[in-house]
Amino acid sequence: MERRDLIQDEIEQLGRVLGKIVATFLGMKSQGNVQAGIETAEQQLQSQLDLDVNRLLELEGRDLIDYLQGLRFTADHLEDLSTYLLESGQDQLADCDPEAVLRVQKAMELLDIADELSKTASLERMAKKSMIKELLDKSN
């Protein structure tokens, strides 16, 4: 029972750290500092959560799921990470920037994985996926 409590505490702490990183990025983005926000967020993701965004963007399928599960990410964590990727890629999407497109596509993929991990389909995730699909369709 103690071990389960320790794991639960660790997962909750991970969620708080991830939420703070995303909130900091969104704050910087709202001030017009998108690139600095991306650099700061990705440094923090690496140093505090051992999450390499470049690796995340490269991985696909089962390798991506295994990587995320190795980091003990839950469906909620994936939603937060999806928000970060979407917001960090959205501004350059109109310019057909390949990295921006990849970030937005990966945001969608993370939501799909969140559905799979939680074994549920949340209305919020479905709405977000619909919005991402529209963004990607407009960029093509």
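About the thresholds
Residues numbered from 1 in each chain as written. Predicted model: local features only at pLDDT ≥ 70, side-chain atom pairs only at ≥ 80, totals over all residues. Heavy atoms only, no water. Helix = DSSP H or I, 4+ residues; strand = E, 2+ residues; numbered from the N terminus. Rg over C-alpha atoms; globule rule 2.2 N^0.38 Å. Buried < 20%, exposed > 50% of the residue type's maximum accessible area, 1.4 Å probe, protein only. Expected span 1.5 Å × (residues − 1). Arc of directions from axis to C-beta. Core = buried A, V, L, I, M, F, W, Y, C linked by side-chain atoms within 4.5 Å. Contact = heavy atoms within 4.5 Å.

Enquirer: Looking at this structure, how should I read the overall build of the chain?
Expert: Of the regular secondary structure elements, the chain holds 7 helices and 0 strands. Each helix (α) and strand (β) of the chain, taken in turn from the N terminus, gives the series α-α-α-α-α-α-α. Taken over C-alpha atoms, the radius of gyration comes to 15 Å for the chain, in line with the 14 Å a tight globule of 140 residues would show. Projected onto its principal axes, the C-alpha coordinates of the chain cover approximately 50 × 30 × 25 Å. By the burial criterion, 42% of the 140 residues in the chain qualify as buried.

Enquirer: Explanation requested: helix 2 (residues 34-49) in the structure shown.
Expert: The periodicity of an α-helix, 3.6 residues per turn, causes residues three or four places apart in sequence to face the same way. Here helix 2 spans 21 Å end to end across 16 residues, near enough to the 22 Å set by a 1.5 Å rise per residue. Listing the buried residues of helix 2 in full gives Val-34, Gly-37, Ile-38, Ala-41, Glu-42, Leu-45 and Leu-49. Taken end-on, helix 2 shows its buried residues confined to a sector of 125°, consistent with a single buried face. Pointing more than 90 degrees away from the buried face of helix 2 are the exposed residues Gln-35, Gln-43 and Ser-47. At the C-terminal side of helix 2, Asp-50 shows a positive phi close to 60°.

Enquirer: Would you mind showing me how to read unusual backbone geometry here?
Expert: Negative phi characterises most residues that are not glycine, and trans characterises most peptide bonds. We note that Arg-72 has phi near 65°; this positive angle belongs to a residue other than glycine. Tracing the sequence through the fold places Arg-72 in the loop between helix 4 (61-70) and helix 5 (75-93). The backbone phi angle of Lys-119 is positive, close to 60°, even though this residue is not glycine. Following the sequence through the fold, Lys-119 ends up in the loop between helix 6 (98-118) and helix 7 (123-139). Note on Lys-119: relative accessible area 73%, which makes it exposed.

Enquirer: Would you take a moment to explain the nonpolar core for this structure?
Expert: Burial of nonpolar side chains together is a common tendency in soluble globular proteins. In terms of nonpolar packing, the biggest core is built from 40 residues, with Leu-68, Phe-73 and Tyr-84 touching the most fellow members. Among the secondary structure elements, those contributing two or more residues to this core are helix 1 (2-30), helix 2, helix 3 (53-58), helix 4, helix 5, helix 6 and helix 7. Discounting residues that sit within four places of it in the chain, Leu-68 has contacts with Leu-56, Phe-73, Leu-78, Leu-81, Leu-110 and Ile-113.

Enquirer: Can you help me understand the environment of Ala-127 in this one?
Expert: Examined against the element boundaries, Ala-127 turns out to sit in helix 7. Using a relative accessible area of 48% as the deciding quantity, one classes Ala-127 as partly exposed. As for Ala-127 and Lys-106, which are separated by 21 residues in sequence, their C-alpha atoms are 16 Å apart.

Enquirer: What is the right way to read the side chain of Arg-125 from this model?
Expert: Considering the arrangement of structural elements, one finds Arg-125 in helix 7. Exposure remark for Arg-125: the relative accessible area of 4% places this residue in the buried category. Once you skip the residues sitting within four places of it in the chain, Arg-125 turns out to touch Ala-75, Glu-79, Leu-111, Ala-114, Asp-115, Ser-118 and Thr-120.

Keep in mind that these numbers describe shape and distance, not what the molecule does.
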